[in-house]
Amino acid sequence: MAEPMLQLRDLVFEGRGHRAIDGVTLALDAGRTAILGANGAGKSVLLRLMHGLLMPSSGEVQWTGIDGRAPRLAMVFQKPVLLRRSALDNVIYGLQLSPAQRAEPAARLRERALAALARVDLAHLAQRPGRVLSGGEQQRVALARAWALEPDVLLLDEPTASLDPAAMRAVEAVILEIAAGGTSIVMTTHHRGLARRFADSVVFLDAGRVAEHTPVNEFFAQPRSGGGHAYLEGEIA
Ligand SMILES: Nc1ncnc2c1ncn2[C@@H]1O[C@H](COP(=O)(O)OP(=O)(O)OP(=O)(O)O)[C@@H](O)[C@H]1O
Ligand SMILES: [Mg+2]
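In this text the structure is predicted, and so the values were computed from the model without any measurement. (Residues numbered from 1 in each chain as written. Chains lettered and ligands numbered in written order. Predicted model: local features only at pLDDT ≥ 70, side-chain atom pairs only at ≥ 80, totals over all residues. Heavy atoms only, no water.)

## Overview of the overall build of the protein chain
If you tally the helices and strands in the protein chain, you get eight helices and nine strands. Taken over C-alpha atoms, the radius of gyration comes to 18 Å for the protein chain, in line with the 18 Å a tight globule of 237 residues would show. The principal-axis extents of the C-alpha atoms in the protein chain amount to approximately 50 × 40 × 40 Å. For the protein chain, with 237 residues in total, the buried portion stands at 50%. For the protein chain, long-range pairs separated by at least 24 residues make up 66% of all intrachain contacts whose partners lie at least 6 apart in sequence. Accessible surface, the protein chain as shown: approximately 11,500 Å² in total, 51% of it carbon and sulfur. (Helix = DSSP H or I, 4+ residues; strand = E, 2+ residues; numbered from the N terminus. Rg over C-alpha atoms; globule rule 2.2 N^0.38 Å. Buried < 20%, exposed > 50% of the residue type's maximum accessible area, 1.4 Å probe, protein only. Contact = heavy atoms within 4.5 Å. Areas by Shrake-Rupley, 256 points an atom, 1.4 Å probe, with all protein chains shown as cover.)

Right, dumping it as structure tokens:
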């Protein structure tokens, strides 16, 4: 058996007197994982801990190396963070920051950034200031910026929130394409259909704890935890 891609051990995150993550032990294999759970369950905090953007109060986050190096991670946030410059320059800037990419000539970075924008269907808005784009367009720029980095693992925090149905389908297609290219994806979402079509397995978070980690078909047919069951029962969509 190959080693899991990521191991979390007794992970705790406490801030302002609240335990957002309350003792998470989890092994994730390469591939596609969906993290589900109610508002406030700790999904975004868990992704940030995985990425290293938050330091755990205790416990461990351990990524397995790839070919003797640390895996390249990229993340798309629940609320996209764009700089005050064009959509294209936002993507180029992401590449310039990356140790693995910045040695490339400027013209090549620009080409790659344009290609990434084209893949999320935003080539026509490349020169528009990122901050005046619609929420859905900003989300897609953020996705292009992450994708352009050619990460080994992409962490996506509700990438289809605030998108209209057409944009949602477009983003779903992009996510599936990224995954098909061999990038592992860990995604939080409230979109049950997306989770079902996308994921190999579901991690269900309940009040900062892993209530279950279940193959996707099993989760939607017969969740193992009471929390997972209640969540699915309560779903409207
Ligand atoms: N940096 C932080 N420090 C302390 N507490 C935090 C921090 N970030 C989030 N929290 C708290 O942790 C809890 C979980 O938040 P989180 O954003 O992870 O929920 P979520 O599962 O992503 O919810 P949603 O579905 O609404 O996005 C919340 O009560 C939140 O207020
Ligand atoms: Mg969240």
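## Notes on helix α2 (residues 87-97)
Those residues of α2 not exposed but buried are Ala87, Leu88, Asn90, Val91, Ile92, Gly94 and Leu95. Turning to α2, the residues buried within the fold contact α3 (106-119) and α4 (135-148).

## Points about the pattern of salt bridges
For the structure shown, the criterion picks out eleven salt bridges. When the shortest N-O distance is used, the salt bridge between aspartate 22 and arginine 209 registers 3.1 Å. Placement of aspartate 22 in strand β2 (residues 18-28) and of arginine 209 in strand β9 (residues 209-215) is noted, with a sequence separation of 187 residues between them. Owing to a relative accessible area of 18%, aspartate 22 belongs among the buried residues under this scheme. A salt bridge links glutamate 218 to arginine 224, with the shortest nitrogen-to-oxygen separation between them at 2.5 Å. Taking relative accessible area as the criterion, arginine 224 reaches 54% and is therefore assigned exposed. Salt bridges sharing common partners tie together Glu104, Arg108, Glu111, Arg112 and Glu150. (Salt bridge = Lys/Arg side-chain N within 4 Å of Asp/Glu carboxyl O.)

## Quick look at the site of ligand 1
The environment of ligand 1 is formed by 16 residues, the closest being Asn39, Gly40, Lys43, Ser44 and His190. Take asparagine 39: an N or O atom from its side chain is 2.9 Å from an oxygen atom of ligand 1. Computed on the free molecule, ligand 1 has an accessible area of 640 Å², of which 70% lies beneath the protein chains in the complex. Broken down by element, the shell around ligand 1 gets its largest block of residues, three residues, from helix α1 (residues 43-51). (Near = heavy atom within 4 Å. Polar contact = N/O pair within 3.5 Å; in protein donor to acceptor, adjacent residues only side chain to side chain.)

## Quick notes on the pairing of β9
Relative to β9, strand β8 (residues 201-206) runs antiparallel, the two being bridged by six bridges. Within the sheet, the bridge partner assigned to aspartate 206 lies in β9 and is arginine 209. Linking two consecutive strands that pair antiparallel, namely β8 and β9, is a turn of two residues; a positive phi of about 50 degrees is found at alanine 207 within it. (Pairing = 2+ DSSP bridges.)

## Considerations on the coordination of the magnesium ion (ligand 2)
Taken together, the protein ligands of the magnesium ion (ligand 2) are Ser44 (OG) and Gln78 (OE1), with distances of 2.0 to 2.3 Å. On the criterion of sequence distance, the pair formed by serine 44 in helix α1 and glutamine 78 in the loop between β5 (73-76) and α2 is long-range, its members being 34 residues apart. The class for serine 44 is partly exposed, based on a relative accessible area of 22%. (Donors = N, O, S within 2.8 Å, 3.2 Å for Na, K, Ca; no water.)

## Concerning the sheet that holds strand β7 (residues 184-188)
Ordered in space as β5-β6-β7-β3-β8-β9, the six strands form an open sheet in which the pairing is mixed. The open sheet has two free edges, formed respectively by β5 and β9, since each of these has just one partner strand. Neighbour to neighbour, the strand axes of the sheet diverge by 15 degrees on average, direction disregarded. Most of the contacts of helix α5 (residues 165-180) go to β7, to which it runs at about 145 degrees, and overall it touches β3 (32-36), β6 (153-157) and β7. (Axes fitted to C-alpha atoms, helices over the stretch in contact; angles between N-to-C directions.)

## So, the packing of aromatic side chains
By the definition in use, this model includes three aromatic pairs. On the basis of an interplanar angle of 25 degrees and a centroid distance of 6.0 Å, the ring pair of phenylalanine 204 and phenylalanine 219 is categorised as stacked. In this pair, phenylalanine 204 is assigned in strand β8 and phenylalanine 219 in helix α7 (residues 216-221), connecting sequence segments 15 residues apart. Look at phenylalanine 219 and you get buried, because its relative accessible area is 0%. Between phenylalanine 219 and phenylalanine 220, the ring centres sit 5.3 Å apart and the planes meet at 85 degrees, which makes this aromatic pair edge-to-face. Like phenylalanine 220, phenylalanine 219 is buried. Taken together, Phe204, Phe219, Phe220 and Tyr231 form an aromatic cluster joined through their ring pairs. The ring of tryptophan 147 has arginine 119 lying over it, and the distance from NZ or CZ to the ring centre is 3.9 Å. (Phe/Tyr/Trp six-rings, centres within 6.5 Å; stacked < 30°, edge-to-face > 60°. Lys NZ or Arg CZ within 6 Å of the ring centre and 35° of its normal.)

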